[in-house]
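What the coordinates show
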Amino acid sequence: MITKPAYSSTSIVFLQPLAGNPYSPTTPPSRTEQLAALTTEAGLVYTDAVVGAAVKLATQKGVTLPGDMRGDIFTEVPSNSQVVQITYTQANPQLAQAGAQALAESYLNYRKERASRVVTAETELRNQQLASITTLLNTASTQLDAARRNNSVQAQILDLEQQVTLYANQLAQVRLLQTSADATSIIPGDIISPAVLPASPNGINPALIAVGVVLLFALFALMALLAREHFDQSIRDEDDITAAGGGPLRGTIRRWKSPDQLIPDTDGYRRLQLVLQSSQPLENHVLLLTGVPHGTDTLQVSRELATAFDDAGTPVVLVQTTKTAHEDSSLVVGLTDLLATGRTPSDVWPLLQPQGKHMVLELGTLADRWDELSLRPTLGEILNELRTDAVVLVAGPSLDTAAGVALANHATEVMLVIDTHQATVAALAPALEVMRQIHSEFAGSVLLGRAERRPAPRRAAGGSTSPGQDTRPTDERPRQDQDAPGSSPRPSTASTLSDPTPLQSNRAFSHQTRS
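A short tour of the structure in this document, coming up. (Residues numbered from 1 in each chain as written. Predicted model: local features only at pLDDT ≥ 70, side-chain atom pairs only at ≥ 80, totals over all residues. Heavy atoms only, no water.)

Counting secondary structure elements, the chain contains 15 helices and 13 strands. Here the chain, with 515 residues, has 41% of them falling under the buried criterion. A separation of at least 24 residues holds for 79% of the contacts in the chain among residues at least 6 apart in sequence. Accessible surface for the chain amounts to roughly 27300 Å². Of this, 56% is attributable to carbon and sulfur atoms. (Helix = DSSP H or I, 4+ residues; strand = E, 2+ residues; numbered from the N terminus. Buried < 20%, exposed > 50% of the residue type's maximum accessible area, 1.4 Å probe, protein only. Contact = heavy atoms within 4.5 Å. Areas by Shrake-Rupley, 256 points an atom, 1.4 Å probe, with all protein chains shown as cover.)

Shown next as structure tokens:
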């Protein structure tokens, strides 16, 4: 086979029915039989006789064709036609034209030669038959004349007369066939469309092929994107939450990142606080913040939300039931110590620690026993005690833990903190089912965005920003988890659970915060 680019030229041959060929006068008139005969005719173009004759004919015209042309030949019989299309392909357009024309002429000559051989053979056969029958007829006629002269038996005369008649009839039939054979046409057909010089190569323009490849890849990419979108269960925005049944969405918290730490989205937390406080009164509420999926950091969200409530002048107690990897609250007396000692819920007040304008109840020194202690009924009584003076925000674990379910049972409402970096529909569905089964009031969801770089601050006219200077307002800078200036130091286990003095100071702090 030739290589691309290549040129093709086509000759169209109209065939006459011709004796000695597949398509002959004796071919049945049905279209099926004629199509079979014409298809066979098209196959004759590939024979050695036709190909060899085409090479010789082209050589006589000064054109050299390759000896093995079969791989570059293509024949076709159009539907409901009596023609054969002969196409020849070569890298040179002149060779393509010469080859197609030579093949068409050689093919017609081949048909004519086959017909001539058949007609000649039939003529010789008829001549032999004529000579033989003539001899028999002459012999029978001579015998008949002799029998009549000799007055032979009548039966013998009748037999001889029948022989003479029979031979005479056969002789007439053979002469009639001979006449038909002599009148047989040996015109093989005509080239009704000679081969022309191809003006352009075969195939598609390379530029179009490149465009097609690009479009094909784009189509595959689009299909892959659609398939990923269809099968991807990640939660990324409000539509995903609504579709999964996690609405209403109360807000979206962005996570700004700097080279060394995350920067709180102060404005986002303030919007969340306004939405929560506007949707329904939160006084004397216990709002549990639980994460989706397991391991979502609800502590930082709760701290920043508590600060937003501080800014709005709403008294808040933050109950910490989780801890981050870089913190160690095991040295601070807290919730687990109170649950373990079996003291009254009112004893929780000495354990509260001031943090800015709100109070914090730490997990305590018995954090390792939290899963066990969270199942005690006293937990609900402690939360009820705290909510008499403030809104209680509980930074809780996910609802796939026993502690999470216990807190949801005691909370007034449950809000889901959905981390878009990890959350999926498969993780959200079980949390919603748990709340349905324990009949928890659903406060909605808050979307925790992926960490991203914060846009550069705008510079004031004529002002400048020095390298490394923190241009954010004070309330938007990272808050350190330390005691506020002027606050009392964190008490130890022994002093807190035995000395009632901190109780009075913490209650006073709470009332002062509310006023």
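Once that is clear, we can look at helix H7 (residues 266-279). Given a rise of 1.5 Å per residue, 14 residues ought to cover 20 Å, and the 20 Å separating the end C-alpha atoms of H7 matches this to within 8%. Turning to H7, its buried residues are Thr-266, Gly-268, Tyr-269, Leu-272, Gln-273 and Leu-276. Down the axis of H7, the smallest arc covering the buried residues is 160 degrees, so these residues share one side. The exposed residues of H7 that point more than 90 degrees off its buried face are Leu-274 and Ser-278. (Expected span 1.5 Å × (residues − 1). Arc of directions from axis to C-beta.)

Mapped onto the fold, Asp-265 is located in the loop between strand E6 (262-263) and H7. Nearest to the buried, unbridged Asp-265 among oppositely charged side chains is Arg-271, at 4.4 Å. A polar side-chain atom of Asp-265 sits 3.0 Å from the main-chain amide nitrogen of Arg-254. If sequence neighbours within four positions are ignored, Asp-265 has contacts with Thr-252, Ile-253, Arg-254, Trp-256 and Arg-271. (Lys, Arg positive; Asp, Glu negative; His and termini not counted. Salt bridge = Lys/Arg side-chain N within 4 Å of Asp/Glu carboxyl O. Polar contact = N/O pair within 3.5 Å; in protein donor to acceptor, adjacent residues only side chain to side chain.)

Let us now look at the pattern of salt bridges. Going through the model one piece at a time under the given rule, you end up with 11 salt bridges. Among the ionic pairs, Glu-161 bridges to Arg-148, the shortest N-O distance being 2.8 Å. A residue pair is termed long-range when its members are at least 10 positions apart, and Glu-161 in helix H4 (residues 154-182) and Arg-148 in helix H3 (residues 93-149) qualify at 13 residues. Residue Glu-161 is classed as partly exposed on the basis of its relative accessible area of 27%. Note that Arg-436 and Glu-433 form a salt bridge whose closest N and O atoms lie 2.4 Å from each other. Residue Arg-436 and its partner Glu-433 are both found in helix H13 (residues 425-437); the two are separated by three residues, about one turn of the helix. Using a relative accessible area of 30% as the deciding quantity, one classes Glu-433 as partly exposed. Through salt bridges with shared partners, a single ionic network connects Asp-48, Asp-68 and Arg-70.

Strands belonging to one sheet form pairs held by backbone hydrogen bonds; the direction of such a pair is parallel or antiparallel. Taken in spatial order, the four strands of this open sheet run E2-E3-E1-E4, and their pairing is antiparallel. Whereas interior strands pair on both sides, the edge strands pair on one side only; in this sheet they are strand E2 (73-76) and strand E4 (189-193). Across this sheet, the average inter-strand angle for adjacent strands is 25 degrees, counted without regard to direction. Alignment of strand E1 (residues 7-15) against E4, held across four bridges, turns out to be antiparallel. When the sheet's bridge partners are listed, Leu-15 is paired in E4 with Gly-189. Sheet contacts for H3: E1, E2, strand E3 (83-90) and E4; angle to E1, the most-contacted strand, approximately 20 degrees. (Pairing = 2+ DSSP bridges. Axes fitted to C-alpha atoms, helices over the stretch in contact; angles between N-to-C directions.)

Along the polypeptide, Pro-315 turns up in the loop between helix H8 (298-311) and strand E8 (316-320). In this structure the C-alpha to C-alpha distance between Pro-315 and Val-392, which are 77 residues apart in sequence, comes to 8.8 Å.

Let us look at unusual backbone geometry. Here the amide bond leading from Val-292 into Pro-293 is cis, since omega sits at 5 degrees, within 30 degrees of zero. On the secondary structure map, Pro-293 appears in the loop between strand E7 (286-292) and H8. With phi around 55 degrees, Asn-80 is a residue other than glycine that occupies positive phi space. When you line up the elements, Asn-80 lands in the loop between E2 and E3. Look at Asn-80 and you get exposed, because its relative accessible area is 67%. With phi around 60 degrees, His-439 is a residue other than glycine that occupies positive phi space. Mapped onto the elements, His-439 comes out in the loop between H13 and strand E13 (442-453).

On to the nonpolar core, then. Counting 43 residues, the largest nonpolar core has Val-319, Leu-386 and Ile-418 as its most contacted members. Of the residues forming this core, the biggest block, five residues, is contributed by H13. Core analysis: the second largest hydrophobic core is formed by 28 residues, Tyr-23, Val-51, Val-84 and Tyr-110 among them. (Core = buried A, V, L, I, M, F, W, Y, C linked by side-chain atoms within 4.5 Å.)

Glancing now at the packing of helix H2 (residues 48-60) against H3. Running from N to C, H2 and H3 point in directions that differ by 125 degrees, and their axes come no closer than 8 Å. Taken together, the axes of H2 and H3 are oblique relative to one another. Of the two elements, H2 crosses H3, and the hand of that crossing is right-handed. Contacts between H2 and H3 involve Ala-49, Val-50, Ala-53, Ala-54, Leu-57 and Ala-58 on the former and, on the latter, Ala-102, Leu-103, Glu-105, Ser-106, Tyr-107 and Tyr-110. For the contact of H2 with H3, the residue count by class is 10 nonpolar, one polar and one charged. (Parallel < 35°, antiparallel > 145°, perpendicular 65-115°, else oblique. Left-handed = near helix turned anticlockwise from the far one by under 90°. Nonpolar A, V, L, I, M, F, W, Y, C, P; charged D, E, K, R; others polar.)

Before going further, it helps to examine the side chain of Ser-11. With respect to the helices and strands, Ser-11 occurs in strand E1. Overall, Ser-11 belongs to the buried group, its relative accessible area being 0%. Here the side chain of Ser-11 touches Ala-195 through a polar contact of 3.2 Å, landing on its backbone nitrogen. In this structure, Ser-11 is in contact with Val-84, Gln-85, Ile-86, Ala-100, Gln-101, Ala-104, Ser-193, Pro-194 and Ala-195, ignoring residues within four places of it in sequence.

Before going further, it helps to examine the pairing of E3. For E3, a buried count of seven out of eight residues is recorded, marking the element as mostly surrounded by other parts of the structure. Summarising the sheet, E1 and E3 pair through eight bridges and their orientation is antiparallel. Bridge pairing in E3 places Ser-11 opposite Ile-86. The sheet contact formed by E2 and E3 spans four bridges and is antiparallel.

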